[in-house]
Every structure is written in structure tokens, then in C-alpha cells.
Amino acid sequence: MSVTLKDTDSAGTSGAAAGGPVDAAVEPGRTLTRGRLVLRRFLRNRLALVGMVAIASLYAMAFLSPLFAPWDHQQQDYTAFLRPPGGNHWFGTTQIGEDVFAQTMRGLQKSLTIGLLVGVISTALASLVGATAGYFGGWVDRILMWLVDLLLVLPSFLIISIASPAFRGKSWLLFVVLLALFGWMITARIVRGMTMTLKEREFVKAARFMGQSPLRIILRHIVPNMASLLIIDATVNVGAAVLAETGLSYFGFGVQPPDVSLGTLIATGTRAAFTFPWMFLFAGGFLVLTVLSVNWVGDGLRDALDPTSTRARRREPRRRRAGATASAAPSAAPATTSSAKPSTTPSDRPQSTDGSAG
Amino acid sequence: MAGFLLRRLANYVVLCLVATFLAFTLASLTFDPLAKLNERNPPPPASTIEAKRRDLRLDEPVPQRFVIWMSGVVRGDFGSTVTDQPISAELGRRVGVSLRLFLLGTILGVSLGVVVGVVSAVRQYRFSDYFATLFSFLVLSTPVFLVGTLLKFGALRLNETVGVTVLYFTGETDPSFQGGWIAALLDRLRHLVLPTLAIALHQIAYYSRYQRSAMLDVLGSDFLRTAQAKGLTRRKALFKHGLRTALIPMATLFAFGFGLLVTGGVFTERIFSWFGMGDWLVYGVEQQDTNIVATVTLFVAVLVLVSGWLSDVLYAALDPRVRV
């Protein structure tokens, strides 16, 4: 990521919002829309680009490969048991002659679908709950944040595994709903913090004095102003959802047979991991590749959409941080509303409200 | 400040109780503890099933069952499993096993994570920084059950190359082991290495990412420049003024990292056959045992409570603004 920030434009100075104008000056004589600016920043980040291409090809592979692959995922080849990779079993076969490639692709399909659905749903939920808490304040805020605290005390893994007997034998969509229900808390905290500052802005006040309903204000004025953060968080949440899904499926608490996901495949493969490594290595490799590329894309999106999210930029950084940012650091202690600082578009960023290094 | 910490503590205790109640209720609603009995062949007489049903108080309302269970917990009695084993008898050993793993993992993870984060921030865009970044991206994208299996794989290779079993990967101790306490300690240590590593790697990656960006924030700040302008050496300024400020966001992160740790612990214990609390949770769900699951939830909630409260204390210690 290479926004050409001047050296003097270092941290601490609360007006480090020069990202937009400076960037626009890179190419004079041509109007630069925000969309094009973001796209250009994103394309400059090589790892993010690699991640994007990887995800696109993973999706394509998972959903298109059944069209040309030699074997179906349920088909059994009675002439080849526990065959190592090679021939027309590209990833080898299992004990009962199932084709590992076809199974891995099938699992990848399910994991990718669940990850995408859960990421999007949980982020939508987070934005609604967080914005409601921040906008109304008072008792609503206290109750909702208490709920967030409660769900953080109870790891979602624990709840879903306890609930798993209830959806055994039912549709995997129920599992998606559960994963989404327990994956929104941290994002909601950040959204709440941003809403509290947005609430004081003129356009929100104007809407309120014009008599618009709170729901409309939240949906039309507050949530769209956090689009950058929500896009980034949705991406990060997709990665987290894939990990949560595979983890639960690993124990048989998630996707149930006859459905397969990368988690169930790894679980069955692990039992014979030392003698027949191909049964779990491919599924594992695809899982790591998926989450890694999602994280890289999230990272690149953050750089592209939200270049002011880090105040300290001494030189031209190319990439900064892992899947989760410090600006997205959950604030457990009461005095850290600062971690949810408003970081809207670079040009119209309000005064810096963070208190840590100021 | 004492008032602040006490208020937080009270809040956490209430959270803990509600969390346990929720888990208990959820488990009571979804589990069917009689399923194993009903599946038995030949089927047991109806009176046996009826007796079991009465034993487990399945006909009573859930809140009442929770109150009965909780009043037992207060007296130190955690009830019994579906198979009539007293939970309290096994609880101590399992808690010990899990705590050993969690504590070592946390200490190793937090300290190494902070060091790695600080080093890569101070030496930004050098090789070490890129390497640390790549490492943490990779580890954060690899679920614990894969890390664990790969570690097992590596240990197997290592043992084969050396010719003797250097590192064990099943159980927390060798059941047939005999010898003095030094040898016993060594034996436990050799069992401990891999699981601790499996759990700590994630923590290191997780904390180092945050520590790096927190440290970068501080590195460009005015007060650090001022400190150096006043004549402090860079090293002294970095440690006395920089690191302390950069540790503040870490304190709040600590409470959240713990949930991650507990979930990782479940996988680690299962993979390395440690019979701790995480293993018990999986067993409890498989056996559809409400009391086991509720006990594990209480344990997890207390752990998160303690870590949350600790992070409040740390926060207050690091950030003078909280103390006024």
C-alpha cells in the first residue's frame, strides 16, 4: 500500500487525513473517483491481489470441477483402495475407494458457502445491533453491550457444540444461522463506537430534526457511512467463519454426514494421517489457502478503503497488519472507547477522537 | 481504583452465573441422556428407564434443576454424570491438566508475542519483520487441529531420525513410567512440549500482530520524539515510554485472547489425548451429559472472568488515566 504520505505527516498529529488529496495529486488532470482510487490502492497491494485471485479460483474450482473431474464424490472405485495420488485419482483414494479430489472439492464447496453466508449475515447483524446500541444509548446500549459481554464470556464454540444435538440430521442452513448468531459481537462493539461519534454529525442531526424515524436514520445515514469498516469486517469474518465451521465439523458438531466439509474430511483423514497423509494433507492445504487468501484480501481492503486507520506511517508502508487490526481491537475495559475511533473516508474524517497516543 | 475493580468483578460474577445458566438450559433442552439407555439391546425394563429419568430429574422444570445443581456447586458438589460417576472426583485432576496447558501456553504466547511484535515494529520492513508477518499470517490461517497434527507428524520424524523417543505426543505422562522425581519431571516435560507449542503458536501470532501495530502507533508519536530530544537514549525512550504505552491495548486484548485459547485447548487436548476440561466437553456432548457440560462451562466462564479481571487490573496499572 503506497499512499504517498509526506514524511512530516506522521502520527499523533490528529489531522493525518491528508490521504485523499495527496493521492489524488498523484495523477493530475484526471478526475479520480473514490471507487477508482480504492481500486488502485487495492491493486497496488500484491498480496491482496494474489489472495483475490486465489479465492476466485478456489470458488471456480470447487463449483466447476465436478463438470470435468473423472470421479464423483460419492462414487467408489473398487479397484483402487488407499491409492496414493496419481493416475486418474488426482489426490488418491480412501479406504473404500472414494476419490479424494472429488471429496475435497465437495468439502471446499460447503466450507466456502458457509463461510461466505456466515460472514455476510453476522456482519449485517453486527451493524444493526451496534448501530442501535450506539444511536439510542442509555438503557438500550447497556443491555445490548451486556449481551455482547455475555456472549464473549461463552465461547461460541462451546455454545454451538452444546446445541449440536438439536440440529443433528437437520439442514446445514441451521448451522449457518447458529454460526452467524454467535459471530457478531466484536464487530458490533466497533460499530457502536463509530455510531456514537457519527450521531453527533450534522447530517444525522439534520435527519433527526426533520423527523425521520430512528430505523431510517440508522439504515440510511449511519450504516452507509461505515461501509468501509463493514466491508473489511465482513471479509475478516468470512475467514473466521470458515475456521469456526471446520473446527466444529472436525468434532462432528457441525456439518453432518452425508454432507462433507473440509473439517469432516480433515477429521477422517487425521486418523490415518501418518500412513496415508494424502487423505488429510490436501483438505488441510485447501483450508489454509482459503483462510490465508481471505485474510490477505481483508488486509488489502483495509489499506485501500481506510488508509487512515493507522496513524503512524513513517515511511511508505506496503502492508501493515494481520487479519484483525488494532483499530478494530475489541475494547473490554470500560475506558477504551478510543479503540473504536471513527475512520470514515479519508477526506471527510472528523477530528481524531482517539486518546491513546495523542 | 479499588471501586472500579470491585465493580468490574461484580459484573463478571453475574456474567459468569448467567453464562452457566444459559449453557445448562441449552444442554437440558437439546440433550437426551436416556438415548443411550433406550438404544441398548435387549432394551432395559421400563422401570429402569423410569428410575433413571427420576434420578436425572428430567421431569422437573429446567430452572429448578439449575438451582439444585448450583446449590450443590456452592457446597463443592458438581452432581454426577449420566453413568453415576461423581463429577467432583474427576474435576480436580482435569482442571489441573487444563490449567497447566493454558497457563504455559498463555505465558509463552503473550511474552513471545509481545517480543516478536515489538521487534518487528522497531525493525519495520526488514527481513525479520516480513518473516514475522508471514509467519503470523500463516499460523492464524491454520486451525489448531491442523497445527497439532502437523506437530505430531514432525515429532514422529524427529523421533525416527534420532532413533529414540524424544518427544511424546499421547497423554500427559507415561502410565508405565517409574523413576525418581527428576526423571518424572523430565517425562512430563517431554509430554508437555508439543501440546504447549500447539497452543502457544496461535497466541504468539495473534498478540504479535496487535503488538506490532500498537508499537508502530507509538513509534511515530510526539512524546517519544520529545523524550529523545530531552536526551534519553533511543533504547531507554523505547522501553520506558514507548513499550508501556503500546502495552495498553494489549491489556484489553488479553481478555479476548483467552476465549481463543480455550477453544484451541479443546482441540489440543483431544489431539494429544490429554484428559482435561476440553476433552471433557467433547465427551459430555457426545454422552449428552448436562452436568459435565455445565461444569466445563462454569470452568471456562471463571477462566474468562479471571482473565478479564486481570486485564482490567493490568489496564489500570498501565494507564494512569483509569486510576483517577
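Computed from a predicted model, the values in this text were never measured in an experiment.

Quick look at the overall build of chain A
No. 1: A tally of helices and strands in chain A yields 13 helices and zero strands.
No. 2: Walking chain A from its N terminus toward its C terminus, one meets helices and strands in the order α-α-α-α-α-α-α-α-α-α-α-α-α.
No. 3: Each of the 358 residues in chain A was classed as buried or not, and the buried ones make up 57%.
No. 4: The long-range share in chain A, meaning contacts at least 24 apart out of those at least 6 apart in sequence, stands at 66%.

Observations regarding the overall build of chain B
No. 1: Check the secondary structure of chain B and you find 13 helices and zero strands.
No. 2: Across chain B, helices and strands are ordered from the amino to the carboxyl terminus as α-α-α-α-α-α-α-α-α-α-α-α-α.
No. 3: Across its three principal directions, the C-alpha atoms of chain B cover 85 × 60 × 40 Å.
No. 4: Across the 324 residues in chain B, those meeting the buried criterion constitute 52%.
No. 5: Taking all contacts inside chain B whose residues are at least 6 apart in sequence as the whole, residues at least 24 apart take part in 73%.
No. 6: About 14900 Å² of surface is accessible on chain B, with carbon and sulfur atoms providing 67% of the total.
No. 7: Both charge centroids of chain B, one from 31 positive and one from 22 negative side chains, sit 14 Å from each other.

Observations regarding the UniProt feature "transmembrane region" (unreviewed entry) in chain B
Residue and element names in this part refer to chain B.
No. 1: Here, UniProt's "transmembrane region" (unreviewed entry) annotation points to residues 12–31, 101–124, 130–151, 246–272 and 292–318.
No. 2: Across residues 246–272, helical content stands at 96% and strand content at 0%; the span's end C-alpha atoms are separated by 36 Å.
No. 3: With 100% helix and 0% strand, residues 292–318 has end C-alpha atoms that lie 39 Å from one another.

Let's talk about the UniProt feature "transmembrane region" (unreviewed entry) in chain A
Residue and element names in this part refer to chain A.
No. 1: As annotated in UniProt, the feature "transmembrane region" (unreviewed entry) corresponds to residues 47–69, 114–136, 143–166, 172–191, 229–253 and 273–297 in the numbering used here.
No. 2: Its end C-alpha atoms 30 Å apart, residues 47–69 is made of 96% helix and 0% strand.
No. 3: With 85% helix and 0% strand, residues 172–191 has end C-alpha atoms that lie 29 Å from one another.

Some details on the packing of helix H5 (residues 87–122) of chain B against helix H10 (residues 234–271) of chain B
Residues and elements named next belong to chain B.
No. 1: Where H5 contacts H10, the two axes come as close as 8 Å, and the packing angle between them is 140 degrees. In terms of their interaxial angle, H5 and H10 are classed as oblique. Here the hand of the crossing between H5 and H10 comes out right-handed. Touching Ser98, Leu101, Phe102, Thr106, Val110, Val114, Val118 and Val122 of H5 are Arg234, Leu238, Leu243, Leu247, Phe254, Phe258, Leu261, Val262, Gly265, Thr268 and Glu269, all from H10.

Looking at the packing of aromatic side chains
No. 1: Counted by the stated rule, this structure contains 24 aromatic pairs over all chains.
No. 2: Look at Phe91(A) and Phe101(A): their rings are 5.1 Å apart centre to centre, the planes differ by 80 degrees, and that puts the pair in the edge-to-face class. Residue Phe91(A) is found in the loop between helix H3 (46–68) and helix H4 (100–136), and its partner Phe101(A) is found in helix H4; the two are separated by 10 residues along the sequence. The pair Phe91(A) / Phe101(A) is uniform in exposure class, with both members buried.
No. 3: Members of the aromatic cluster, each reached through a chain of ring pairs, are Phe157(A), Tyr250(A), Phe251(A), Phe253(A), Phe145(B) and Phe267(B).
No. 4: When the ring centre of Trp139(A) is taken as reference, the NZ or CZ atom of Arg142(A) above it lies at 4.8 Å.

A few points about helix H2 (residues 34–44) of chain A
No. 1: All buried positions along H2(A) are accounted for by Leu37(A), Val38(A), Arg41(A) and Phe42(A). With its buried residues spanning 130 degrees around the axis, H2(A) presents them on a single face.

Observations concerning a nonpolar patch on the surface
Residue and element names in this part refer to chain A.
No. 1: Residues Phe63, Leu64, Leu67, Phe68 and Trp90 make up a contiguous nonpolar surface patch of roughly 570 Å² in combined accessible area.
No. 2: Tracing the chain through its elements places Leu64 in helix H3.
No. 3: Leu64 sits in the partly exposed class, given a relative accessible area of 46%.

Some remarks on the UniProt feature "domain: ABC transmembrane type-1" (unreviewed entry) in chain A
No. 1: As recorded in UniProt, the feature "domain: ABC transmembrane type-1" (unreviewed entry) lies at residues 112–298 of chain A.
No. 2: Within residues 112–298 of chain A, the helical portion is 79% and the strand portion 0%, while the C-alpha atoms at the span's ends are 16 Å from each other.

A word on unusual backbone geometry
No. 1: At Tyr125(B), a residue that is not glycine, the phi angle is positive and equals roughly 65 degrees.
No. 2: Topologically, Tyr125(B) is positioned in the loop between H5 and helix H6 (127–140).

About the cut-offs
- Every chain begins its residue count from 1, and numbering advances along the sequence as written.
- Whichever chain is written first is A, and whichever ligand is written first is 1; the rest continue in order.
- The predicted origin of the model limits local features to residues at a pLDDT of at least 70 and limits the giving and counting of side-chain atom pairs to 80 or more, whereas totals for whole chains, interfaces and linings rest on all residues.
- To obtain the side-chain values, all non-hydrogen atoms of the structure were used and water was disregarded.
- Note on conventions: DSSP H or I runs of at least 4 residues are helices, E runs of at least 2 residues are strands, and numbering of each starts at the N terminus.
- With a 1.4 Å probe rolled over the protein chains alone, any residue whose accessible area is under 20% of its type maximum counts as buried; one over 50% counts as exposed, and the rest are partly exposed.
- In what follows, a contact means two residues having at least one pair of non-hydrogen atoms within 4.5 Å.
- Each accessible area is a Shrake-Rupley result for a 1.4 Å probe, and residues are judged covered by the shown protein chains and nothing else.
- Residues scored as positive are Lys and Arg, those scored as negative are Asp and Glu, and His as well as the terminal groups of each chain are ignored.
- Just so you know, the charge point we use is NZ for Lys, CZ for Arg, CG for Asp and CD for Glu.
- UniProt positions are given in the numbering used here, feature names are shortened, and annotations may be inferred rather than shown by experiment.
- Angles run from 0 to 180 degrees between N-to-C directions of axes, and those axes are lines fitted to C-alpha atoms, restricted for helices to the stretch in contact.
- Angle categories: roughly parallel below 35 degrees, roughly antiparallel above 145, roughly perpendicular from 65 to 115, and oblique for all the rest.
- Definitions for this section: a left-handed crossing has its near helix turned counterclockwise from the far helix by less than a right angle. A right-handed crossing has that turn clockwise.
- Two aromatic rings, drawn from Phe, Tyr or Trp (for Trp, its six-membered ring), form a pair once their centres lie within 6.5 Å of each other, and the interplanar angle then sorts them: stacked below 30 degrees, edge-to-face above 60, tilted otherwise.
- Two conditions define a charge sitting above a ring: the NZ of Lys or the CZ of Arg must be within 6 Å of the ring centre, and it must be within 35 degrees of the ring normal.
- By arc we mean the arc of the directions from the helix axis to the C-beta atoms, nothing more.
- Each patch groups residues whose relative accessible area exceeds 30% and which form no salt bridge, using 9 Å between like charges and 5 Å between nonpolar side chains of Val, Leu, Ile, Met, Phe, Trp and Tyr.
- The working definition used for a salt bridge is a side-chain nitrogen of Lys or Arg within 4 Å of a carboxyl oxygen of Asp or Glu.

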